[in-house]
Amino acid sequence: MTRPPLDPAPAEREPGAVSRLAVTVERLRAELDRAHSDAAGRSLVELAAGVLVERLRCGPTQAAGHLTSLAEQAGVPVLDFAADLVNQASADRISAVARTFVASSVDRAADAAAVRLRTTQAHALAADTQAAAESMLEHALRPLGAVAVAIWAANPDQSLSLRGSAGFGEAEAQRWRHVPPGVLTPARRALAEREAVQFAGPTGAAGPTIGQHEFTGGRLTVPAGIGGRLIGVLEVCWAGSPPEQSPALRRQFEALAELAAATLETWTGDGTDAGTEDGELDGLRRLTGGVFDPCLVLRLAPGSADAPLQFLVRHVNPVFVDFAGRPAGAVVGARLLEAYPLAAEAGGLAEKIEHVFVTGESFRTGNMRLSAMVDGVPLHTRARVSISRHGSHVLVIWRLEDGTSRVARLLQHAQRLGRIGGFEENLRSRHIAWNDTLFELHGMPTTAPPIPLEHLGEHAHPDDRGAIDRFLRTLLHHHRPASTAFRLQRPDGVTRHIRVVAEPVPEADRSVRIVRGAYQDISAQHWTEVALAATRDQLAQSEQQAAERSRLALRLQHAIMPPARGPLDLPNLRVGVRYRPAEKEHLVGGDWYDALTLPSGDVLLCVGDVAGHGIEAATGMVALRNALRGLAATGAGPAQLLSWLNSVTHHLTDNVTATAVCGIYEPATRRLRWARAGHLPPVLLRAGRAATLPQIGGLLLGALDHADYEEQVLQLEPGDTLVMFTDGLIERRDQSVHASLTGLLALTEKAHRPGADGRTDLEATLDHLLRYSASDTDDDTCLVGVSVDGGPAAAPAAD
């Protein structure tokens, strides 16, 4: 099936008609442009005439005449003179640009720049954004080499809308009429960085852009804002490299961006007027009234055009809860940083609000720290926060972390564990609120009426009513916080020890209507303190008894064995004794010594040490010493005496054990018979050399009911010195007994002091041993020194 040939188009049939139509359209377009230009020029001339009216105090007609006359006198066109006059009278960016150009130019190029900017302003104020873009390109940007311009509007959802363009094809402008959120374009970068951004070309723009295939030269994007808010972007394109950005030229582009923002100010997403600020606030009031989360409506504070921006809290919704616990009236009307000064921290709430207000980009986060100062203490909480711009207002919505139930449970357990009950009493309405714990403390059912404060004394012990009266007088009359402790007599007959603390809540007129406080059951603490006081008394009594026992033992020990005793002059024998008690009274021990001439003429020499300390050791020492004295009168040898003394220790004392060395000295022969019962052997000093006697066998006293002991005989010579001692003289915690004995031998050799008569100075020797002994156990020490004289042996005693 063949298709019939199509009829030629009307333009092909009548080419002359199309040409005439095109010429007519072109002529009408030129007339329209001239009309726009004339309107802009008239607008500028009218502005200059208004300046003259204000300065010359004349009428509009006279001002127009003066303007024409002044222009003729200056030799410049009326439009140029009008631009100069307006620039001199203005304080906006255009006038600043004009003054900069005038200061840096010597020809009329500066005047031309001022005229171009002021003419562009006149067109922008007299038309919409599209016409403003065309006027900018024609009058201000083409002289700078620019080939195209685009004016973008920043939307709250972070998208961009192309509101006006010039120099681009219609298809390209239509294709870029809307840029979705998240697309990184040169305009979006300028908004994000909040300053002008220059690119060498579309390839250096780090993203797609309008006309990127048509114009491959440089680009400049300048944020466009009014009153601190960024509401759009001015994008300028060049076919080649853009001119060098001098400070004067940069201010000219900033002035053009402000003109672009002026055309975008009245534009909303649906193309309708935004209305007044009061209309915006009314709409936000209706919007937030249905939101169940706390909302704040903010607006820019007067005189806050420069960063950092300051915002006023104009409204909060009915469910608003301040996380710092303040009423809504303390927040509304205040500056944001006055109500929440800690919001100024880096990355904080104030910084996010300013970013949203300036860029129009909404902000949402699921975890943001909110901070406030409460009585000089910083309070922090976590919340979900949403911030969005609505015209000249910013809406902040936060949802605090839902910790209400958790905090309530913690508070309930804390009150239960601490036995604390809270109350609040209205002194005017007599309404009283108690929690369940307080009813439990008072032993009352939760359905019973609470007890007013003024009747509290009726439920207290009679002896505590004076304290309660003073508590109520301080709280209710002087209006000061007060506390007291008292005994609560409950209806069930139980008496509890209670501590009450309360504070008045002053009103705005300083009167008191509400009193709140808490009761705490301190019965357990009270009885613990009572028991502790009784224990302290008992301990003090025990310490006193122990001190008395120690003093008694010390007196008993000193009565039997004085710490120092003069030498005993016996036949051919001198005996010296020393006793050093323990440094601490409670360490009084059972060390003892004896040197006694027996009825037979022999001399009993012995030292011993009862195990333990205190009165028991002291009485055990007395018993053993006296028992040995009595047994020695029988004339038995030292081995037999220790065997009998062991039986006495085992059977006649209460679990006493002891060590001892016992010797019988025969003056006639200078022989010493000796035995030991678990004690260290004596030390013999002969001819300046010291040595210990042999370690003969012998069990300590009291361990078994019967024990046998070895006995040895030592032949003493004139000038010999025998030292008998207890372990307190040599015992150390950090070395063995063998090492301590070795040290004692060396010390004994050094302590040997011959007297003026050539004999050993026994007293000086014993003092030296006590003074320089290396013991460190704070134990008592007993020391007996025996020095043999060089005279003839004594005759034996008569029967």
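A separate point is the nonpolar core. Residues Trp 152, Leu 296, Tyr 340, Leu 349, Val 396 and Trp 398 are the most contacted members of the largest nonpolar core, which totals 50 residues. When residues of this core are assigned to their parent elements, the largest contribution, six residues, is made by helix H13 (residues 349–359). Here Val 396 is in contact with Pro 294, Cys 295, Leu 296, Leu 298, Leu 349, Ile 353, Val 385, Ser 386 and Ile 387, once residues within four sequence places are set aside.

Strand pairing in a sheet takes place through backbone hydrogen bonds and is either antiparallel or parallel in direction. Spatial ordering of the open sheet is given by S13-S12-S16-S15-S14, a layout of five strands whose pairing is antiparallel. Lying at the two open borders of the sheet, with one neighbouring strand each, are strand S13 (432–434) and strand S14 (482–489). Pairwise comparison of adjacent strand axes, ignoring direction, gives a mean angle of 20° for this sheet. Of the strand pairs in this sheet, S14 and strand S15 (residues 495–506) are connected by eight bridges, and their pairing is antiparallel. Paired with Ala 482 across the strands is Ala 502, a residue of S15. Packed onto the sheet, helix H16 (residues 465–477) meets S14, S15 and strand S16 (512–521) and runs at close to 140° relative to S14.

Next up on the list: the pattern of salt bridges. Where charged atoms of side chains with opposite charge meet at close range, the side chains can pair. This model, assessed by the stated rule, comprises 29 salt bridges. Note that Arg 490 is salt-bridged to Asp 492, the shortest N-O span being 2.7 Å. Residues participating in the shared-partner salt-bridge network are Arg 419, Glu 440, Arg 496 and Asp 521.

Judged by how many residues are buried, strand S19 (residues 589–597) sits mostly within the fold: seven of nine residues are covered. Judged from the nine bridges that link them, S19 and strand S20 (residues 603–613) form a sheet pairing that is antiparallel. When the sheet's bridge partners are listed, Trp 592 is paired in S20 with Gly 608.

What follows concerns helix H7 (residues 129–141). The terminal C-alpha atoms of H7, which comprises 13 residues, lie only 16 Å apart, well short of the 18 Å expected from a rise of 1.5 Å per residue. All buried positions along H7 are accounted for by Thr 129, Ala 132, Ala 133, Ser 135, Met 136, Leu 137, Ala 140 and Leu 141.

Glancing now at the pairing of strand S12 (residues 420–426). By the bridge criterion, seven bridges tie S12 to S16 in an arrangement that is antiparallel. Residue pairing across strands places Phe 423 opposite Gly 517, the latter belonging to S16. Where S12 lies against S13, three bridges are found, and the strand directions are antiparallel. By the bridge assignment for S13, Glu 425 is matched with Ile 432.

Next up on the list: the sheet that holds strand S3 (residues 178–179). The strand order across the open sheet built from six strands is S3-S2-S1-S6-S5-S4, with neighbouring strands paired in antiparallel fashion. Looking at strand neighbours, the two that pair on one side only are S3 and strand S4 (197–199), the edges of this open sheet. Relative to S3, strand S2 (residues 160–166) is paired through two bridges, and the arrangement is antiparallel. Considered in S3, the bridge of Ser 161 is made with His 178.

We note that Arg 194 has phi near 60°; this positive angle belongs to a residue other than glycine. Backbone geometry places Ala 687, a non-glycine residue, at a positive phi of 55°. Examined against the element boundaries, Ala 687 turns out to sit in the loop between strand S23 (683–686) and strand S24 (689–692).

Bringing helix H9 (residues 186–193) into the picture now. Considered for burial, the residues of H9 that qualify are Pro 186, Ala 187, Arg 188, Ala 190 and Leu 191. Against the buried residues of H9 lie strand S1 (146–154), S2, S4, strand S5 (219–226), strand S6 (229–238) and H13. At the C-terminal side of H9, Arg 194 shows a positive phi close to 60°.

Let us look at the side chain of Thr 721. You can see Thr 721 is positioned in strand S26 (residues 721–725). On the basis of relative accessible area, Thr 721 is assigned to the buried category, the value being 2%. Setting aside anything within four residues of it in sequence, one finds Thr 721 in contact with Val 683, Leu 684, Leu 685, Thr 760, Leu 762, Val 786 and Ser 787.

The subject of this paragraph is the packing of helix H18 (residues 615–632) against helix H19 (residues 638–652). Contact geometry of H18 with H19 gives a least axis separation of 10 Å together with a crossing angle of 140°. Here H18 lies oblique to H19, going by the angle between them. Here the hand of the crossing between H18 and H19 comes out right-handed. Residue-level inspection shows Leu 624, Ala 627, Leu 628, Leu 631 and Ala 632 of H18 in contact with H19, the latter providing Leu 641, Trp 644, Leu 645, Val 648 and Thr 649.

Analysis parameters
Residues numbered from 1 in each chain as written. Predicted model: local features only at pLDDT ≥ 70, side-chain atom pairs only at ≥ 80, totals over all residues. Heavy atoms only, no water. Core = buried A, V, L, I, M, F, W, Y, C linked by side-chain atoms within 4.5 Å. Buried < 20%, exposed > 50% of the residue type's maximum accessible area, 1.4 Å probe, protein only. Helix = DSSP H or I, 4+ residues; strand = E, 2+ residues; numbered from the N terminus. Contact = heavy atoms within 4.5 Å. Pairing = 2+ DSSP bridges. Axes fitted to C-alpha atoms, helices over the stretch in contact; angles between N-to-C directions. Salt bridge = Lys/Arg side-chain N within 4 Å of Asp/Glu carboxyl O. Expected span 1.5 Å × (residues − 1). Parallel < 35°, antiparallel > 145°, perpendicular 65-115°, else oblique. Left-handed = near helix turned anticlockwise from the far one by under 90°.

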